[in-house]
Structure formats: C-alpha cells, structure tokens
Amino acid sequence: MEPAAMDIDQADEAIINQDYETIEDIIDKKLEEENVPEKEREILKKALAKTFEKRRTASVEVLAACLELTFDALTYSNNLQTKMFNYYKLAEHLLQVPPIDVRMVSVTYEIKETKLSHRFDLESFAERVVEVANVYYSPQGENYVAPYFCLIQSSGMGKTKILHECREMWKATPDVSCKLILSGPAKVDATDVFDEIIDLGVVIQSKRTAEEACGAIFSKFDELFLKNVMTTGEDTNTQLLVLMFDEAQFFLEQKLYGYDVFLFRVVRLWLRISRPDTLRIVAVFTGTNAELRNFQFENDHTIAGTIAPSRELSVKKVGFRPKGMQSFSHFVQMTTIGCKLSFLNKASESESESESEYVKAIFYGRPLFATMQSKGDMTEDKLSTILGRMLLVTYGENQKDWKKHESTWLNILGTRVQMGQTTVSIASDLVARGYANLIACTDRTATICYLPDPVCARLAMCLMEESQKLNAGSSTTYGQPARWWVARMRDLFAGGLCQPERGDFGEIMVAFFMLLCGDKLRKTKDPTFKTFSVNLADWLHLLSQGGKEEEQKQSRNRFPKRDREGVTIIGSSYRKAEISFIQVCRNYLRHYEGDWGEFFRQDFLKYMYESGIAFFVFAGCSVIDMVIAIRLTTNSGLFHYVPLVVSIKSRGYFSPSDANGECSCMRQKGKGRLAMCLLVIFSSTTMTNDGGAGERKLVPRKDVGELMNGSSVEKVLRIPSDDAFGLTDAFMDLTKQGDMGEVYASHYFLRNYNETEVRKSLRSSAGQGDKGTPANMLATLKSQFQER
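Below you will find a few notes about this structure. (Residues numbered from 1 in each chain as written. Predicted model: local features only at pLDDT ≥ 70, side-chain atom pairs only at ≥ 80, totals over all residues. Heavy atoms only, no water.)

Okay, the overall build of the protein chain next. Check the secondary structure of the protein chain and you find 29 helices and 19 strands. With 788 residues in all, the protein chain has 58% of them scored as buried. Taking all contacts inside the protein chain whose residues are at least 6 apart in sequence as the whole, residues at least 24 apart take part in 75%. Summed over all atoms, the accessible surface of the protein chain reaches about 32600 Å², with 47% contributed by carbon and sulfur. (Helix = DSSP H or I, 4+ residues; strand = E, 2+ residues; numbered from the N terminus. Buried < 20%, exposed > 50% of the residue type's maximum accessible area, 1.4 Å probe, protein only. Contact = heavy atoms within 4.5 Å. Areas by Shrake-Rupley, 256 points an atom, 1.4 Å probe, with all protein chains shown as cover.)

Let's shift gears to the nonpolar core. By size, the foremost hydrophobic cluster in this structure holds 191 residues, and its most contacted members are Phe125, Phe285, Phe369, Ile386, Phe512, Trp539 and Met626. Considering every element that reaches this core, the biggest residue donor is helix H21 (residues 505–525), with twelve residues. Those residues in contact with isoleucine 386 that sit more than four places away from it in its chain are Met104, Phe369, Met378, Tyr435, Val455, Cys456 and Leu459. Counting 29 residues, the second-largest nonpolar core is a separate cluster that includes Phe599, Phe615, Val617 and Ala675. (Core = buried A, V, L, I, M, F, W, Y, C linked by side-chain atoms within 4.5 Å.)

Further remarks concern helix H19 (residues 454–463). Judged by how many residues are buried, H19 sits mostly within the fold: ten of ten residues are covered. Inspection of H19 places Pro454, Val455, Cys456, Ala457, Arg458, Leu459, Ala460, Met461, Cys462 and Leu463 among the buried residues, and these make up the whole buried set.

Running from N to C, helix H7 (residues 120–136) and helix H8 (residues 159–170) cross one another at 70°; their axes reach a closest spacing of 10 Å. What the angle tells us is that H7 and H8 run roughly perpendicular. As for how H7 packs across H8, the hand of that crossing is right-handed. Each of Asp121, Leu122, Phe125, Ala126, Val129 and Val130 in H7 lies in contact with H8, whose residues at this interface are Ile162, Leu163, Glu165, Cys166, Met169 and Trp170. Here the contact of H7 with H8 is built from residues that sort into ten nonpolar, no polar and two charged. (Axes fitted to C-alpha atoms, helices over the stretch in contact; angles between N-to-C directions. Parallel < 35°, antiparallel > 145°, perpendicular 65-115°, else oblique. Left-handed = near helix turned anticlockwise from the far one by under 90°. Nonpolar A, V, L, I, M, F, W, Y, C, P; charged D, E, K, R; others polar.)

Quick look at the environment of valine 713 now. If you trace the backbone, valine 713 turns up in strand S19 (residues 713–718). Separated by 15 residues in the primary sequence, valine 713 and leucine 698 place their C-alpha atoms 9.2 Å from one another.

Take the environment of alanine 133 next. As for its position among the elements, alanine 133 is in helix H7. Sequence separation between alanine 133 and valine 242 is 109 residues; the distance between their C-alpha atoms is 9.3 Å. If we skip the residues at most four places from it in the chain, alanine 133 touches Leu240, Arg280 and Val282.

With 17 residues, H7 should cover 24 Å at 1.5 Å per step; its first-to-last C-alpha distance of 24 Å lies within 8% of that length. Buried within H7 we find Asp121, Leu122, Ser124, Phe125, Ala126, Arg128, Val129, Val132, Ala133, Val135 and Tyr136. Elements in contact with the buried residues of H7: strand S1 (148–152), H8, strand S4 (239–246) and strand S5 (279–287). (Expected span 1.5 Å × (residues − 1).)

The next thing to look at is the pairing of S1. In terms of burial, S1 is largely enclosed, as five of its five residues are buried. Side chains of S1 alternate between two faces, with Tyr148, Cys150 and Ile152 and Phe149 and Leu151 buried alike. In this sheet, S5 lies alongside S1 in parallel orientation, the contact comprising five bridges. Paired with phenylalanine 149 across the bridge in S5 is valine 284. (Pairing = 2+ DSSP bridges.)

This brings us to the sheet that holds strand S2 (residues 176–183). Sheet architecture is open: five strands sit in the order S1-S5-S4-S2-S3, paired in parallel fashion. In the strand order of this sheet, the two ends are held by S1 and strand S3 (196–198), each with one partner. This sheet shows a mean twist of 25° between the axes of neighbouring strands, independent of strand direction. Across the sheet, helix H11 (residues 262–271) lies against S1, S4 and S5, angled at about 160° from S5, the strand it touches most.

Another point: the pairing of strand S16 (residues 626–634). In terms of burial, S16 is largely enclosed, as nine of its nine residues are buried. Side chains Met626, Ile628, Ile630, Leu632 and Thr634 project from S16 onto one buried face, and the interleaved Val627, Ala629, Arg631 and Thr633 project onto a second face that is buried too. Sheet analysis places strand S13 (residues 574–579) next to S16, joined by four bridges and oriented antiparallel. Counted as the bridge partner of alanine 577 is leucine 632 from S16.

We now examine the packing of aromatic side chains. The geometry of two aromatic rings is summed up by the distance between their centres and the angle between their planes. Under the defined criterion, the tally for this structure stands at 35 aromatic pairs. Ring plane angle 85° and centroid distance 5.0 Å describe the contact between tyrosine 136 and tyrosine 137, whose orientation is recorded as edge-to-face. Judged by centre distance (5.9 Å) and plane angle (15°), the ring pair of phenylalanine 221 and phenylalanine 245 falls under stacked. Of this pair, phenylalanine 221 sits in helix H10 (residues 210–226) while phenylalanine 245 sits in strand S4, and the two are 24 residues apart along the sequence. On the basis of relative accessibility, which here comes to 0%, the residue phenylalanine 245 falls in the buried class. The rings of Tyr148, Phe221, Phe225, Phe245, Phe251, Phe264, Trp270 and Phe285 are connected pair by pair, giving a single aromatic cluster. Of note, arginine 389 hangs over the ring of tyrosine 435, and the distance from its end group to the ring centre comes to 5.3 Å. The ring centre of tryptophan 409 lies 5.2 Å from the NZ or CZ of arginine 488, which sits over that ring. (Phe/Tyr/Trp six-rings, centres within 6.5 Å; stacked < 30°, edge-to-face > 60°. Lys NZ or Arg CZ within 6 Å of the ring centre and 35° of its normal.)

Here threonine 408 lies in helix H17 (residues 406–416). According to the relative accessible area criterion, threonine 408 is buried, its value standing at 1%. With sequence-adjacent residues up to four places away left out, threonine 408 is seen in contact with Met390, Leu391, Leu392 and Trp402.

Now for the pattern of salt bridges. Counted by the stated rule, this structure contains 26 salt bridges. When the shortest N-O distance is used, the salt bridge between arginine 119 and glutamate 123 registers 3.6 Å. Here aspartate 722 and lysine 548 are joined by a salt bridge, their closest N and O atoms 3.0 Å apart. With aspartate 722 in the loop between S19 and helix H27 (727–746) and lysine 548 in the loop between helix H22 (536–544) and helix H23 (549–556), the pair connects residues that are 174 residues apart, well separated along the chain. A residue is classified by how much of its surface remains accessible, and aspartate 722, at 46% relative accessible area, is partly exposed. By relative accessible area, which is 22% here, lysine 548 ends up partly exposed. (Salt bridge = Lys/Arg side-chain N within 4 Å of Asp/Glu carboxyl O.)

Read these as layout, nothing more, since geometry by itself doesn't imply function.
Pasting the structure below:
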C-alpha cells in the first residue's frame, strides 16, 4: 500500500517539527483503511513510538523490530499479518526523514579518488585478516566464537577507505576473494565502491519466525558469496573468502523474533557453518559502534533450527563448527590524523587571512574534514551537522535539551581537554555518535581519547561563549558561559561519570583554565574564533589575574613602552610572542622522559602550534605535566618556536622554597636551551610573593621580554582562588570529601606533627578555615591531642 503524496508531505513536516499528534493521525488513518482493530492499532503505535525515541535515522531492521513487538503481543491471522507488513512502506518512510542527515557525505565520498597517505594501517589490517584465518581454522579455533573481528572507530577516520584499498590490493592475489559489503539501506548509488549492498530488513520481510528469517539470510549469503566458490572439497587449493561489512552497526538493531541482536547473531552463525577445509571465510564488521565487539549467547543454534544453508542443500541439516568463548582482538588502529597535510598549501591559497589559522589547522586533524575542506565541501550546513553529532542528538527539538545530558557535557569538554575514562556504554556512545576515538577495546572495556580535531575543538570553543549563536541542523543553539561549563565539569567528576587518567582533577582544571583565558583573548581578536593565536604576555597576565579582564586592562597602563601586541621589549630580536592551542591532547610517547631535546625541534613545535594543540605528558612523567608551543616572530617576519613546559601542583600549601626547587629542576632538564618553564600552583590559599625568595614570581611582560631577548625563563604562577570561572571553588568541592577521608584515615599520626606541619598536611586547601573542613578538623584534633 503506497501512501498518498499528501500523507508523505505531512509526515516530513511532522517529523521535522516532532509533531507526534500529526504522526499518530497519519498512522490512525492508514490503519483504519486497513480495518485494523483499535486494540492492535494502539500496540503498533506504541511500537513505532519506541523507534522515534531512538532519535536517529531508522532503518528497515528497526521497523521490523517495532512490528515484531506487535506480533509478540498478538496472534494474527495470516491475512492480517500480511496487511500489517503492507503497511511497512509508510511507516518506513516516516522513520527515514530526520531533520538532520547525520551522515554529512555519502559513504563513498572520495573513496576511489584519494590516495592513501601511508600503507601502515592497510598492511596491519591485512595481517590481522590472515592471522584470524590461520588461527580459527586450526585446532585453536575451537576457542573462538567465530572467524571475525571488528574494526571500530569514530566517523571520518578512514575506515571505508582501508576496506576499499584492502580489496584492491587482494584483487591480484590467487585464491583470495575479497568482498566489500554495505550493510543496511543505501541512500545513494554505492555500487561503484561496494560489491554488494545488503538490507537484511528487506531479506527477512514477511518472515514470521526466527527459523524462516535465519533461512532467508543463509540463502541470501550463499547466493551472494558462495556461488563462485568451490565448496565441495574437490579443489585442493585453500581459498580465503574475506567479507568486509561496512556500516555493520545496522546489524545491531533491537530485538527480533525474541532474540537480542538477531541479525548480527545470524550472520555470525552463518560464518560458523561447517564447510570443506579448503574454504576459509573471515568476516570484518566495521562501524562506529563499540557494541559490535562481542555478544555471548548460549542459544545461537536455536535460531537456525533445522534450516539448510541453500536450496541445493535443503534436504540436509546445517552443521556448525564448535563455538568457543573468545573473540578475536578488535582493530582500532587508524593512524590517519594529519594524513592530509599534503592538501594544505593548495587549500590555504584561496582562504582569507582571517581564516588562515583555522583552515590550516583543519589539515592537521580528521582526514574526512581535511578532504571536505580541500574540496570546498566544509559548508555551514556541514558544520551544523558536525555540531549536531557533537551534541549527541539528531532531532531538532531535542537539541534544545542537550544541556540536560551528562554524556553531551562529557563529549564537549573532552573535545577540548582530556577528561579521562568513562563507562563502556558511554564510551561506545561517544565514539558511535560523536567524534571520540577508540584507542583500546576488549569485550568488556573501551578506552577513548580525543585526538587533534580543530573543527570539533573550535565548535566546542564556541559553545563555551554565551554570546555565540550556533546552527545545529534545523535547530539553533546558544553557547553557555564558562562558569556553567566549570560546574558541569565538577558534576561529571563528582558523579564518577569520568575519571582523570592520572587521577588528578587539578591537572585537568588548570588546562581548562588556560583554555578559557585564551578564549577571552580570542573573542576580542576574532569573534568567529577562527584566529587561534593570542599574545603570550597578555595570556600569562590574564592567568595571573585569575581570568579577570578588567584588572588586566588596568595593569597595562604600568608599561610605558610596548609594541603593538602589548609586550615590553628592550632591544629584542623578536617583535611578537604568541600561543595558539585550543585543545589539550595527551602524548603517551616516552621518548622525552630522559631528554627534552624533542621539545626544541622546530618541526615538532610548529606542528603543535599550527594544529592548535597542547598536550599532557604520559602518566608517571617526572617534573612536568604539560607542554605548549610558543611562536616567536622576528623583526623580519620569520618564525621561531620555543617550548612552554608546565608543572602543575594542586596543593593547599606550597612554599616558596619548594616552588623554587621545582623551577630549578625544570631549568636543569632544559639544559640551557631557550624555553619558558612555568610552575602553576592551583587551589592554594597561600598567595606567597615568591619574588622575595629568588625572584621566581611570574611578571608576565617582563618575563616574556626576557624570553624574546633570548633568555630562558623559569617562574611560578599562583592562580588566584577567586578566579573568574569558579574553577578553584569547583576543585575544592571535589577534593573536600577526599581530604576528610584522608585525615580520618591518618588522624593517629597527628600527635607527631607541629602546628606548621599540620597546616602543610592537606593535599589541597579545600575549605581551609571553615568549620567542618579538613583544615579545621586537623587543627581541632591537634589542639585536643595537646590538651590531653
């Protein structure tokens, strides 16, 4: 039954406006035309409502699952069941018209036209395929679930490109047949890239039982993949059949025929069918959803019943290879960030100077975005789609509610500063629906990070400015003030939804404080936030003032001699010093642990500067916590880069002598090479003037002037406890309970401390001086111990 054109137009408008009353009216009208009883009609509407709640483009399989809910609750005559499936087309149409196309470009976009930047990922991927084949089809194979592994990574990292190149590479290899398959419905003609397009929802359409549906899928796969492959055992050469299922998340749709993840399990069951030893089949399931990893069920065999794999073998039962409990390790290796730098020069020539920093940075990030920029496809519409994904919602009205969702807070904050690890389910969601990157994955764990991604980082930066009005698909959203984001960061940490990688909240908060101060300066320079560079002295001064701009402006009047960027210079070789990071990543490589020589390489620092990143060092790194690139501009306009190395201490008390000791340690590691070393003390209520103990207190313009005159600088910056963003207060809230617990667990040692030592004992200064706080608890206990 085809719906009338008027109904389709009404449905389109209703979906965009999320007008459920109109949607229900359309459904009611069609069900009345089919004479479906009212009771059954209500059940179908509830089933469809469940699908709408998914807030995503629904596939045929999703609709089939909705209808299955209806069939589970009712006993239909064959005639009524047929009518219900005839209703399929209208309901499918209703579900396939989202206001945001969550896929910005076709799955085939530039797949054939672009060249691989390197072959490392491709070769590693091919080796994994061969490894799985060799292990599974050996005595060890009985330990594994089936001959498959998963390639899981976020959108735009080049998954489809790897599959395509692997197939092309193996075309000339004897006894290897490689098929690239698009799983689920295709919105455009994809046959130029894919060998097959399989919509399993269509395959099982009108199948009333699990056995019938399983048999239909088995027959379809046999027809598509085994027709030209010898399966009789007469051929003595071992053949390898590699089936690469792209967009395999479509196999994970909800419960069908009473079985969870029915489609995925049937495909996996087909892989386990006993076949001649000369045929080896390996499948690769590729997608963004980490739930592809593994599903352990004891009753897979009951899905098939006595179904045979093909019409030719219909008189025989299907035999299966033993099913183990292990799954093959998942492939997440996509080393493609920055792989499109070769596009940079050509693309930047056509851009205006005001956009050059942002445009240049794009090519240091995600390959899809770099390709889109080079082709002129990074339009405002595409950016709104990217933002919609970052908000983790796809339907217009619901985008107004993103401020209520913790996973969205985590995604936006994590894009700018590494927030640490979260639960497996949330990590899977951030990879599948956002742009988090999966860096490690097992059957029970998922480790994520946010790689350099200037497009997403800039959008996140805009969301942290309340004056910003942003388009997200068909909806308009607004940025939130920095204090709102700080409160959300506190809530995420306090609720245990994420845990900093090194267990240090202070490290994350100081990095965020630095980003927010940079954002304030960027806003005055370029309200569109497409210019990343800010003056180093202005930024350091803003840090020292706790992010309070008014005091910064007043302080500038104290410097009578300034260049156009506001830096005091006396006989300097340089006329400008700037930083540009809008995102803080993490560098896990250990090569700089013993020697900081890498930090002084011009190509290394330039890469950091132009990509708009700073980085946290690896866990356990001594002396420093963070590295930032500084760009010095000579009087002749040439660039020279020097490192800003940062040590972060989040303690209630940190003496001037201790601070000077840390500075000296950084100076020794620098070995006399030009650098700025900064000790940042956070959450300390002791704002000691370090100038009286070796001239260590940071004086921004004076110290930047020294750097620009060719002298290394090692100074101390104490962040005021009343900072403009409320970060110190948020940190105090987070650490107060932990400090109380530590005091309680160690109270019996207090008799041995003097009064000064007691004051230094706290990890942070959370609530010092207030009743019922760790500091008050320590002082009271100490005094009472003395009295006794």
